[in-house]
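Tertiary structure, described
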Amino acid sequence: MLIKVKFFARIREEMGRAEDQVEFRAGLTVSDVWQTTSGGKPMPDSLLVAVNMEHVKGDPELKEGDEVAFFPPVTGG
Amino acid sequence: MLIELRLAPFDALAEVKNYQALPANPGKIGAGCIFVGTMRDFNEGEEVRSMTLEHYPGMTEKHLEEICEQAENQWAVHDILLLHRTGDIEVGEDIVLVATWSAHRGDAIDATRFIIEDLKHRAPFWKKEAVKSGERWVDRNTAGYASS
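Residues numbered from 1 in each chain as written. Chains lettered and ligands numbered in written order. Predicted model: local features only at pLDDT ≥ 70, side-chain atom pairs only at ≥ 80, totals over all residues. Heavy atoms only, no water.

If you look at the interface, chain A gives 20 residues, while chain B gives 28 residues. Inspection of the region where chain A meets chain B yields 4 salt bridges. Salt-bridge contacts for Arg10 of chain A lead to Asp139 of chain B; the nearest nitrogen and oxygen are separated by 2.4 Å. Put simply, chain A and chain B have 16 residue pairs in polar contact (both at pLDDT 80 or more) between them. Among the elements of the structure, α1 (9-15), β4 (54-56) and β5 (67-71) of chain A are those that each provide at least two residues to the side of chain A that touches chain B. No other element matches α1 of chain A, which puts 4 residues into the side of chain A that touches chain B. Residue classes in the side of chain A that touches chain B are distributed as 9 nonpolar, 5 polar and 6 charged. (Contact = heavy atoms within 4.5 Å. Salt bridge = Lys/Arg side-chain N within 4 Å of Asp/Glu carboxyl O. Polar contact = N/O pair within 3.5 Å; in protein donor to acceptor, adjacent residues only side chain to side chain. Helix = DSSP H or I, 4+ residues; strand = E, 2+ residues; numbered from the N terminus. Nonpolar A, V, L, I, M, F, W, Y, C, P; charged D, E, K, R; others polar.)

Below you can see the structure in the form of C-alpha coordinates.
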(Lines give C-alpha, C1' and ligand atoms only; values in the text may rest on other atoms or scores of the structure.)
Protein backbone atom coordinates (compact mmCIF):
# COMPACT_ATOMS: atom_id res chain seq x y z
CA MET A 1 0.00 0.00 0.00
CA LEU A 2 1.29 3.43 -0.90
CA ILE A 3 1.09 6.93 0.54
CA LYS A 4 0.30 9.52 -2.14
CA VAL A 5 2.41 12.67 -1.86
CA LYS A 6 1.69 16.04 -3.46
CA PHE A 7 3.77 19.21 -3.72
CA PHE A 8 2.51 22.69 -4.54
CA ALA A 9 3.87 26.07 -5.66
CA ARG A 10 7.51 26.80 -4.72
CA ILE A 11 7.88 23.38 -3.08
CA ARG A 12 6.67 21.67 -6.28
CA GLU A 13 9.28 23.56 -8.30
CA GLU A 14 12.06 22.77 -5.82
CA MET A 15 11.11 19.08 -5.82
CA GLY A 16 10.91 19.02 -9.59
CA ARG A 17 7.62 17.11 -9.54
CA ALA A 18 4.01 17.58 -8.46
CA GLU A 19 3.43 14.08 -7.08
CA ASP A 20 5.24 11.13 -5.61
CA GLN A 21 4.50 7.90 -3.75
CA VAL A 22 6.00 6.38 -0.62
CA GLU A 23 5.64 2.78 0.53
CA PHE A 24 3.55 2.61 3.71
CA ARG A 25 4.94 1.01 6.87
CA ALA A 26 3.62 0.99 10.41
CA GLY A 27 4.67 4.10 12.32
CA LEU A 28 5.42 6.14 9.19
CA THR A 29 5.10 9.88 9.95
CA VAL A 30 4.83 13.06 7.92
CA SER A 31 8.49 13.91 8.48
CA ASP A 32 9.51 10.42 7.29
CA VAL A 33 7.65 11.07 4.05
CA TRP A 34 9.40 14.44 3.68
CA GLN A 35 12.81 12.85 4.31
CA THR A 36 12.19 10.12 1.73
CA THR A 37 10.80 12.36 -1.00
CA SER A 38 13.22 15.27 -0.52
CA GLY A 39 16.34 13.13 -0.34
CA GLY A 40 17.01 14.15 3.25
CA LYS A 41 16.64 17.92 2.95
CA PRO A 42 15.68 19.74 6.17
CA MET A 43 12.00 20.71 6.35
CA PRO A 44 11.65 24.47 5.75
CA ASP A 45 10.40 26.29 8.89
CA SER A 46 7.49 27.77 6.95
CA LEU A 47 6.46 24.46 5.36
CA LEU A 48 2.74 23.63 5.67
CA VAL A 49 1.40 20.09 5.63
CA ALA A 50 -2.02 18.62 4.88
CA VAL A 51 -3.09 15.01 5.38
CA ASN A 52 -6.17 13.94 3.45
CA MET A 53 -6.78 17.60 2.58
CA GLU A 54 -6.82 18.81 6.20
CA HIS A 55 -4.12 21.06 7.69
CA VAL A 56 -2.01 19.20 10.27
CA LYS A 57 0.58 20.33 12.79
CA GLY A 58 3.45 18.42 14.34
CA ASP A 59 4.49 15.08 12.95
CA PRO A 60 1.44 12.80 12.90
CA GLU A 61 1.56 9.10 12.07
CA LEU A 62 0.00 8.12 8.77
CA LYS A 63 -2.44 5.40 7.81
CA GLU A 64 -2.47 3.24 4.70
CA GLY A 65 -3.83 5.13 1.71
CA ASP A 66 -3.33 8.62 3.21
CA GLU A 67 -2.58 11.57 0.94
CA VAL A 68 0.10 13.95 2.23
CA ALA A 69 0.66 17.41 0.74
CA PHE A 70 3.58 19.78 1.32
CA PHE A 71 3.28 23.46 0.45
CA PRO A 72 4.53 26.96 1.36
CA PRO A 73 2.48 29.62 3.21
CA VAL A 74 -0.74 30.32 1.33
CA THR A 75 -1.28 33.58 -0.55
CA GLY A 76 -4.82 33.59 -1.93
CA GLY A 77 -7.47 36.29 -1.86
CA MET B 1 -24.93 29.41 -0.46
CA LEU B 2 -22.69 29.35 -3.53
CA ILE B 3 -18.95 28.66 -3.47
CA GLU B 4 -17.07 28.46 -6.77
CA LEU B 5 -13.58 28.55 -8.20
CA ARG B 6 -13.53 30.39 -11.52
CA LEU B 7 -10.90 30.04 -14.23
CA ALA B 8 -12.48 32.84 -16.28
CA PRO B 9 -12.63 36.51 -15.20
CA PHE B 10 -15.76 37.63 -13.37
CA ASP B 11 -17.34 40.96 -12.47
CA ALA B 12 -17.81 40.72 -8.70
CA LEU B 13 -20.50 43.37 -8.36
CA ALA B 14 -22.49 41.93 -11.29
CA GLU B 15 -22.24 38.51 -9.62
CA VAL B 16 -23.64 39.99 -6.39
CA LYS B 17 -26.49 41.65 -8.27
CA ASN B 18 -27.38 38.42 -10.10
CA TYR B 19 -27.19 36.38 -6.90
CA GLN B 20 -29.32 38.87 -4.98
CA ALA B 21 -31.99 38.51 -7.65
CA LEU B 22 -32.48 34.98 -6.29
CA PRO B 23 -33.05 35.76 -2.60
CA ALA B 24 -32.90 32.71 -0.39
CA ASN B 25 -34.83 34.45 2.38
CA PRO B 26 -36.93 37.28 0.94
CA GLY B 27 -37.91 39.83 3.55
CA LYS B 28 -35.56 38.34 6.14
CA ILE B 29 -32.43 40.16 4.96
CA GLY B 30 -31.64 43.56 6.43
CA ALA B 31 -27.92 43.75 5.74
CA GLY B 32 -25.42 42.68 3.12
CA CYS B 33 -21.65 42.96 3.30
CA ILE B 34 -19.44 42.60 0.22
CA PHE B 35 -15.67 42.22 0.02
CA VAL B 36 -13.94 42.27 -3.38
CA GLY B 37 -10.22 41.60 -3.79
CA THR B 38 -8.73 42.92 -7.04
CA MET B 39 -5.33 42.48 -8.64
CA ARG B 40 -2.94 45.39 -8.06
CA ASP B 41 -0.18 46.46 -10.44
CA PHE B 42 2.37 46.71 -7.61
CA ASN B 43 3.65 44.54 -4.79
CA GLU B 44 6.69 44.80 -2.54
CA GLY B 45 7.97 47.85 -4.40
CA GLU B 46 7.82 46.36 -7.87
CA GLU B 47 5.48 46.66 -10.83
CA VAL B 48 3.46 43.49 -11.31
CA ARG B 49 2.32 42.69 -14.84
CA SER B 50 0.15 39.62 -14.31
CA MET B 51 -0.25 36.71 -11.94
CA THR B 52 -0.98 33.01 -11.84
CA LEU B 53 -3.00 31.48 -9.00
CA GLU B 54 -2.29 27.84 -8.18
CA HIS B 55 -4.58 25.83 -5.91
CA TYR B 56 -4.95 22.32 -4.48
CA PRO B 57 -7.90 20.77 -6.33
CA GLY B 58 -10.15 19.12 -3.79
CA MET B 59 -8.65 20.66 -0.66
CA THR B 60 -9.24 24.26 -1.74
CA GLU B 61 -12.95 23.68 -2.36
CA LYS B 62 -13.25 21.68 0.87
CA HIS B 63 -11.52 24.38 2.88
CA LEU B 64 -13.74 27.16 1.49
CA GLU B 65 -16.85 25.13 2.35
CA GLU B 66 -15.56 24.62 5.90
CA ILE B 67 -14.87 28.36 6.33
CA CYS B 68 -18.40 29.23 5.23
CA GLU B 69 -19.92 26.56 7.50
CA GLN B 70 -17.96 27.99 10.43
CA ALA B 71 -19.22 31.48 9.60
CA GLU B 72 -22.80 30.21 9.47
CA ASN B 73 -22.37 28.52 12.85
CA GLN B 74 -20.85 31.60 14.46
CA TRP B 75 -23.09 34.36 13.07
CA ALA B 76 -26.75 34.60 12.07
CA VAL B 77 -25.96 34.64 8.34
CA HIS B 78 -28.77 33.90 5.89
CA ASP B 79 -26.66 33.45 2.77
CA ILE B 80 -23.08 33.47 1.48
CA LEU B 81 -21.60 33.95 -1.99
CA LEU B 82 -17.88 33.15 -2.35
CA LEU B 83 -16.06 33.21 -5.70
CA HIS B 84 -12.30 32.89 -6.22
CA ARG B 85 -10.24 33.00 -9.39
CA THR B 86 -7.62 30.45 -10.36
CA GLY B 87 -5.15 30.38 -13.25
CA ASP B 88 -3.88 33.45 -15.11
CA ILE B 89 -5.06 36.84 -13.82
CA GLU B 90 -4.51 40.30 -15.31
CA VAL B 91 -4.15 43.64 -13.48
CA GLY B 92 -7.53 45.08 -12.48
CA GLU B 93 -9.38 41.77 -12.55
CA ASP B 94 -11.34 40.62 -9.53
CA ILE B 95 -9.62 37.79 -7.62
CA VAL B 96 -12.05 37.08 -4.81
CA LEU B 97 -15.62 37.94 -3.85
CA VAL B 98 -17.08 37.34 -0.40
CA ALA B 99 -20.67 38.46 0.15
CA THR B 100 -22.83 37.63 3.13
CA TRP B 101 -26.41 38.53 4.00
CA SER B 102 -28.04 38.70 7.43
CA ALA B 103 -30.91 40.36 9.30
CA HIS B 104 -28.59 42.82 11.07
CA ARG B 105 -25.32 44.46 9.96
CA GLY B 106 -23.05 43.04 12.66
CA ASP B 107 -23.49 39.46 11.57
CA ALA B 108 -22.83 40.16 7.88
CA ILE B 109 -19.83 42.43 8.53
CA ASP B 110 -18.19 40.09 11.04
CA ALA B 111 -18.86 36.96 8.95
CA THR B 112 -17.41 38.57 5.82
CA ARG B 113 -14.28 39.64 7.69
CA PHE B 114 -13.89 36.18 9.20
CA ILE B 115 -14.22 34.45 5.82
CA ILE B 116 -11.72 36.66 3.97
CA GLU B 117 -9.15 36.55 6.79
CA ASP B 118 -9.34 32.76 7.10
CA LEU B 119 -9.17 32.41 3.32
CA LYS B 120 -6.08 34.66 3.21
CA HIS B 121 -4.28 32.74 5.95
CA ARG B 122 -5.36 29.12 5.48
CA ALA B 123 -7.00 28.38 2.12
CA PRO B 124 -4.57 26.60 -0.24
CA PHE B 125 -3.93 29.17 -2.99
CA TRP B 126 -0.51 30.40 -4.13
CA LYS B 127 0.25 33.50 -6.19
CA LYS B 128 3.08 33.72 -8.68
CA GLU B 129 3.68 37.21 -10.03
CA ALA B 130 5.15 38.25 -13.37
CA VAL B 131 7.45 41.22 -12.80
CA LYS B 132 10.01 43.02 -14.99
CA SER B 133 12.83 40.72 -13.90
CA GLY B 134 10.84 37.50 -14.43
CA GLU B 135 8.53 35.51 -12.18
CA ARG B 136 8.41 35.25 -8.40
CA TRP B 137 6.28 33.45 -5.82
CA VAL B 138 4.53 35.65 -3.28
CA ASP B 139 5.95 34.45 0.05
CA ARG B 140 3.11 35.52 2.31
CA ASN B 141 0.04 37.72 2.46
CA THR B 142 0.28 41.07 4.21
CA ALA B 143 -1.68 41.87 7.36
CA GLY B 144 -4.03 43.86 5.13
CA TYR B 145 -2.97 47.47 5.74
CA ALA B 146 -0.81 49.87 3.69
CA SER B 147 1.72 50.01 6.54
CA SER B 148 2.06 46.23 6.85
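Our focus in this paragraph is the pattern of salt bridges. For the structure shown, the criterion picks out 17 salt bridges over all chains. Salt-bridge contacts for Asp66 of chain A lead to Lys63 of chain A; the nearest nitrogen and oxygen are separated by 3.7 Å. Several salt bridges share partner residues, and in doing so they unite Glu13 of chain A together with Lys128 and Glu135 of chain B into one network.

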